[in-house]
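Structure assessment
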Amino acid sequence: MIEQPPSVVALLSALQALLGLGLGTLFAYYHRVYRRPHLQFWSASFYALALFLVGSAAALLLARRGADATAVRTIPSVLSQVAVYVHVATLVLGTLALRGGMAPPSWLTRSVLAGAVALGVIATLAYAFDPAAVRERVFMRVGLRYFVAAATYLGVAVALLAGQPWRNASVGQRIVALAFLGFSLVSLLNFAAIVSPVVPMESMAASPWLNFVDLAAVGAIGTGLVVWLHDDERRRAEGAAGEVERLTFFDPRTGLPNRHLFVERLVERLIEADVRGERLAVLVARPDRVRALRAALDDAAVDGLVARLAVRLGEWLGTGALMGQLDDDRLVLVLAPVADAGEAGRRADALLGQLGLALTAPGGSLLPVTCSLGLAQFPADGDTAEALVSAASAAQSGAAAAGGNRWAPFSRNLGNAGRENLLLEAELRRAMDAGELEVHYQPMVDREGRIVAAEALVRWRHPRRGLLLPGEFLAAAAGGNLLSKIDRFVLGEACRCCTRRAAAGNPLRIAVNIAAQTFEAPGFADGVAAELAASGAPARLLELEITEGTAMRDLEQAARIIERIRALGVALALDDFGVGYSSMSQLRHLAADTLKIDQSFTAGVESQARDAAIASALVQLGHSLGLRVVAEGIEREGQVAFFRERGADLLQGFLLARPLPEPELARLLAAGPVTAR
Ligand code: C2E
Ligand code: MG
Ligand code: MG
């Protein structure tokens, strides 16, 4: 066998070490993005490999320098031997974590690592100071390593392929398994050569083809792992998206479509009815006094009652009928076709007679529960699905308010909400001119409790009614196209706040809510650019929040606007995410930076399995897509723990900080990290 010059050994080792470093860094980066436990192991594994190569090259060079360097050589030798066993151990641990979907138990990790370190130390020190025991020394340092490597690589290859047919394995999985198999064979050959008495060991240990094969195997494993990772993340993202869709489109208590899905299906029915010239009616049903029932009894009992109501309605309607659940207590269904208003009324009347429900009260006695029904006709009471559902809901409220246990048709003078909104709108116009609007900022806190961002929230300091929240006036603004004006005002204030905070030495990202009509208005992105230029705020500190509803109105248009905004360097957040207005598979293609989990899920993560499942799936989905995940509406320690555990990046909520005027925000920033009290 040909002795290779030291420079070739050094070059090959350096190449391998660089490859190891590169892969270690790559996996560390992926770990930051995807936060999957196996990535941390793989990253450590390839760093350890690089360390091994540097250590063994140093030992080799020292050896070539001749010199009585046993003691000096021992240090890099120990280091490199420990590193190589840690490399093998962490590679295996990482692969186990990937196979099992979670990190191996910490006792196992600790023992495997301790075993690897011990093996490395023993392998180097055994026979280290006995000049005569050359064969034994080489066996301990090189042979043992090849043996352990051959056995573990074979084990890993088998573990990767066991339990599923070859054709089901992903491409990355196949590459990794084959590379491990090959690596194992080569290691076995090496081992055989080392223990075979006929091969001169010194040349064996440093033969050039071994280095090449090693390099190729490491390269193949690294490439395979990257391919596998991407494949796996794509599958997980799809899985999480599917799970979120399932959880968000159907109500788990009744199995009925939720409001969004119902409306979508109703739209189809309306189109059909329109084509055929048919009439239909939408009917909303709700148990009477249900709020009082929820307050007096436990939620599960009332949910059970609603589920029984759903069954009754389903039986009455027959198969193939369209039904849905609008919220906790309201069910909705379609009567089709109906000849005229009279027929719909007669059917509602008949239904009411069959809805005798009962609940078991705490003492064991039976509590009769009646229902109220609201009816809206197509096309007379509305020609869109949303309008019909709203009309039937309003009619149901009317029936309940009139004493319950009755049905009521929709009537245009049910309420005067419309008139109130008009008055409010006029007042709002005046308020804007009078400077009564202001902006408060609610901090968002990272895992260390640092305030790294804040959400700008509009407030109206009303001269008589005090500080009004957006919920009390934004709907009126939407009616009068005032919303865009408000959003621009808030955007300007937020940009200036951003500049001031950065100048004060506390730069933080500020998120501004953008309504659909603002977002879609022509020239919106140019307006943002102008606002940034005028205020001097750095674009990277601005984030715009749109709701998934806004994004879904016209996905292609939204994608174009988002592209323009992000081209400015401004970030984009999907707000109130998961409330069920969208198809996850479509939203995944939007180039957002942040995903904000809606507070309605946060509220239930500790007590409602469904909310916890959705919130977890959303964190997972966000991370799979490489997004920053923010959990909104944090009010309790338990929610902090829940989201920290699942790896949410930022938390926002009253527990951490309320929305504050800028001077108070500045004080809070100066005071340092926020801890959840
Ligand atoms: P959002 O964007 O989801 O904002 C978060 C809302 O949750 C804020 O309500 C905030 O005060 C509230 N919040 C924060 N932490 C907690 C908590 O721990 N518990 C509870 N229960 N609530 C919490 P706010 O300020 O009333 O705003 C409501 C919504 O109005 C916002 O929801 C946003 O959609 C909209 N909005 C606010 N400002 C603007 C604006 O300038 N333009 C537009 N277009 N919409 C805005
Ligand atoms: Mg928001
Ligand atoms: Mg929100």
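Regarding the coordination of the magnesium ion (ligand 3)
All of the protein donors around the magnesium ion (ligand 3) are Asp575 (OD), Asp576 (OD), Glu632 (OE) and Glu632 (OE); their distances to the metal are 2.0 to 2.5 Å. Between the magnesium ion (ligand 3) and the magnesium ion (ligand 2), both coordinated by aspartate 575, there is a metal-metal distance of 4.0 Å. Among the residues examined, aspartate 575 registers a relative accessible area of 5% and is labelled buried.

Focus on the sheet that holds strand S2 (residues 323–325)
Strand order in the open sheet formed by 5 strands is S2-S3-S1-S6-S7, with mixed pairing between adjacent strands. Either end of the sheet is taken by a strand with one partner, and the two such strands are S2 and strand S7 (407–409). Taking the axes of each pair of neighbouring strands and ignoring which way they run, one obtains an average angle of 20° across the sheet. The sheet contact formed by strand S1 (residues 280–287) and strand S3 (residues 331–335) spans 5 bridges and is antiparallel. Paired with alanine 281 across the bridge in S3 is leucine 335. Across the sheet, helix H11 (residues 299–317) is in contact with S1, S2, S3 and strand S6 (371–378); its angle to S3 comes to roughly 5°.

Considering the site of ligand 1
Near ligand 1 you find 22 residues, and of these Arg459, Asp487, Gln599, Glu635 and Phe654 are the closest. One of the backbone N or O atoms of valine 458 is found 3.2 Å from a nitrogen atom in ligand 1. Within the side chain of glutamine 599, one N or O atom sits 2.4 Å away from an oxygen atom of ligand 1. Coverage of ligand 1 by the protein chains reaches 82% of its 810 Å² of free accessible surface. A majority-of-atoms criterion places ligand 1 in the second largest pocket.

Comments concerning the coordination of the magnesium ion (ligand 2)
In the first shell of the magnesium ion (ligand 2), the protein supplies Glu455 (OE), Asn513 (OD1), Glu545 (OE) and Asp575 (OD), at 2.0 to 2.2 Å from the metal. Sequence positions of the donors to the magnesium ion (ligand 2) reduce to the motif E-x57-N-x31-E-x29-D. By relative accessible area, glutamate 545 is classed as buried at 1%.

A short note on the domain arrangement of the chain
Splitting the chain by domain gives domain 1 (6–246), domain 2 (259–409) and domain 3 (418–670). Between the C-alpha centres of domain 1 and domain 2 the distance comes to 64 Å.

Observations concerning the environment of leucine 468
Structurally, leucine 468 is set in strand S10 (residues 466–468). Placed 166 residues apart in sequence, leucine 468 and isoleucine 634 show a C-alpha to C-alpha distance of 22 Å. With sequence-adjacent residues up to four places away left out, leucine 468 is seen in contact with Arg459, Trp460, His462 and Phe473.

Let's talk about empty space enclosed by the protein
Per the stated rule, a full pass over the model turns up 2 cavities of 30 Å³ or more. Estimates place the volume of the largest cavity at around 150 Å³. Taken together, 15 residues line the largest cavity, and the ones lying closest to its centre are Val84, Arg145, Tyr153, Phe183 and Asp214. Of all the secondary structure elements, the ones that give two or more residues to the lining of the largest cavity are helix H2 (37–64), helix H3 (70–100), helix H5 (134–161), helix H6 (171–195) and helix H8 (208–249). The greatest single-element share of the lining of the largest cavity, amounting to 4 residues, is contributed by H5. Its residues placed into classes, the lining of the largest cavity shows 10 nonpolar, 3 polar and 2 charged.

Observations regarding the state of the cysteines
Per the counting criterion, the structure on display carries 0 disulfides. A disulfide-free cysteine, cysteine 497 has its sulfur positioned 6.8 Å from the sulfur of cysteine 498, the nearest such atom. Cysteine 497 sits in the buried class, given a relative accessible area of 0%. Looking at cysteine 498, it has no disulfide partner, and the nearest cysteine sulfur is the one in cysteine 495, 6.7 Å off.

The rules we used
Residues numbered from 1 in each chain as written. Chains lettered and ligands numbered in written order. Predicted model: local features only at pLDDT ≥ 70, side-chain atom pairs only at ≥ 80, totals over all residues. Heavy atoms only, no water. Donors = N, O, S within 2.8 Å, 3.2 Å for Na, K, Ca; no water. Buried < 20%, exposed > 50% of the residue type's maximum accessible area, 1.4 Å probe, protein only. Pairing = 2+ DSSP bridges. Helix = DSSP H or I, 4+ residues; strand = E, 2+ residues; numbered from the N terminus. Axes fitted to C-alpha atoms, helices over the stretch in contact; angles between N-to-C directions. Contact = heavy atoms within 4.5 Å. Near = heavy atom within 4 Å. Polar contact = N/O pair within 3.5 Å; in protein donor to acceptor, adjacent residues only side chain to side chain. Areas by Shrake-Rupley, 256 points an atom, 1.4 Å probe, with all protein chains shown as cover. 1 Å grid on protein atoms, 1.4 Å probe; cavity = no way out; pocket = protein on both sides within 12 Å on 5 of 7 lines; lining within 4 Å. Sits in = over half its atoms within 2 Å of the grid points. Domains from an automatic or database assignment. Points joined across faces, edges and corners; volume = space filled by probe spheres on them. Nonpolar A, V, L, I, M, F, W, Y, C, P; charged D, E, K, R; others polar. Disulfide = S-S within 2.5 Å.

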